[in-house]
Amino acid sequence: ALAGAENVYEDQGQEFLTVNTEDMKTKEPDIILRAAHALPDQVVEMFNEDFKTNDIWKHFDAVKNGRVYDLTYENFGMSATFRYPKALDELQPILYPESDEDLEKAKKNSENAQKNAEKSNATQNEDAQKSGTSGKTAAEDSQKTTEKER
């Protein structure tokens, strides 16, 4: 609502909603925004795999028209530090393109969101937090421990 777009699931009355593709197809969104709220490296990979292998996606007008965008984790991930101005700037060329340059900017932002998610190593870092390591190799962890002991 803040960006002025209509969320096809707005009237559900839930903060988080799991939807299936068949139901989403009945709503036929003009634009599909994909956001990873956690573990962006895994989520982007899952999105890409699903859009490549699940036949239903090719029947969506948004997919046919190239209007599927990944949102940056930095601006749209689950965090207490939402970056509203930056998030709205990111949405403007997606929702209200005024020129071919806006469409290119939207696609470039989406590509960058995917690249940043892949580079985030979020899964490796989360696994490391659970195990009490830094997420780096054992040699790097050992070196840091040795340096701290000096």
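Residues numbered from 1 in each chain as written. Predicted model: local features only at pLDDT ≥ 70, side-chain atom pairs only at ≥ 80, totals over all residues. Heavy atoms only, no water.

(A) Examining the nonpolar core more closely. Residues Ile31, Tyr69, Leu71, Phe76, Ala87, Leu91, Ile94, Leu95 and Ala106 constitute the largest nonpolar core, which totals 9 residues. Element by element, the count of residues in this core is highest for helix H5 (residues 84-95), at 4 residues. Among residues more than four places away in sequence, those in contact with Ala106 are Tyr69, Pro93 and Ile94. Residues Met24, Ile32, Ile56 and Trp57 belong to the second largest nonpolar core, which totals 7 residues. (Core = buried A, V, L, I, M, F, W, Y, C linked by side-chain atoms within 4.5 Å. Buried < 20%, exposed > 50% of the residue type's maximum accessible area, 1.4 Å probe, protein only. Helix = DSSP H or I, 4+ residues; strand = E, 2+ residues; numbered from the N terminus. Contact = heavy atoms within 4.5 Å.)

(B) Just helix H6 (residues 100-119), in detail. Over its 20 residues, H6 extends 29 Å from the first C-alpha to the last, a length consistent with the 28 Å expected when each residue adds 1.5 Å. Buried residues belonging to H6 abut strand S1 (32-34), helix H2 (40-53), strand S2 (68-70) and H5. (Expected span 1.5 Å × (residues − 1).)

(C) Up close: the pattern of salt bridges. One pass over the structure, following the stated rule, counts 4 salt bridges. Taking the shortest distance from any N to any O, the salt bridge between Lys25 and Glu28 comes out at 2.1 Å. We classify Glu28 as partly exposed; its relative accessible area is 22%. The residue Lys58 makes a salt bridge to Asp55 at a minimum N-O spacing of 3.0 Å. (Salt bridge = Lys/Arg side-chain N within 4 Å of Asp/Glu carboxyl O.)

(D) Main features of the layout of surface pockets. There is about 2,100 Å³ of room inside the largest pocket. Along the wall of the largest pocket there are 45 residues; nearest its centre are Asn7, Leu33, Ala35, His37 and Leu71. Only helix H1 (21-27), S1, H2, helix H4 (73-76) and H5 provide two or more residues apiece to the lining of the largest pocket. Counting residues per element, the lining of the largest pocket draws most heavily on H5, which supplies 5 residues. (1 Å grid on protein atoms, 1.4 Å probe; cavity = no way out; pocket = protein on both sides within 12 Å on 5 of 7 lines; lining within 4 Å. Points joined across faces, edges and corners; volume = space filled by probe spheres on them.)

(E) Structural detail: the environment of Val68. Here Val68 lies in strand S2. Sequence spacing of Val68 and Ala106 is 38 residues, and the spatial spacing of their C-alpha atoms is 9.8 Å. Ignoring any residue separated from it by four or fewer positions in sequence, one finds Val68 in contact with Ile32, Arg34, Phe51, Ala62, Val63 and Ser110.

(F) Geometry of the environment of Glu45. Take Glu45: it is sitting in helix H2. Its relative accessible area of 60% is what places Glu45 among the exposed residues. Along the primary structure Glu45 and Gln114 are separated by 69 residues, whereas in three dimensions their C-alpha atoms are 8.6 Å apart.

(G) Molecular detail of the packing of H2 against H6. The geometry of H2 relative to H6 is characterised by a closest axis approach of 7 Å and an angle of 130° between their N-to-C directions. The orientation of H2 relative to H6 falls into the category oblique. Seen from above, H2 lies across H6 with left-handed handedness. For the pair H2 and H6, contact is made by Pro40, Asp41, Val44 and Asn48 and by Gln114, Ala117 and Glu118, respectively. Taken together, the residues of the contact of H2 with H6 break down into 3 nonpolar, 2 polar and 2 charged. (Axes fitted to C-alpha atoms, helices over the stretch in contact; angles between N-to-C directions. Parallel < 35°, antiparallel > 145°, perpendicular 65-115°, else oblique. Left-handed = near helix turned anticlockwise from the far one by under 90°. Nonpolar A, V, L, I, M, F, W, Y, C, P; charged D, E, K, R; others polar.)

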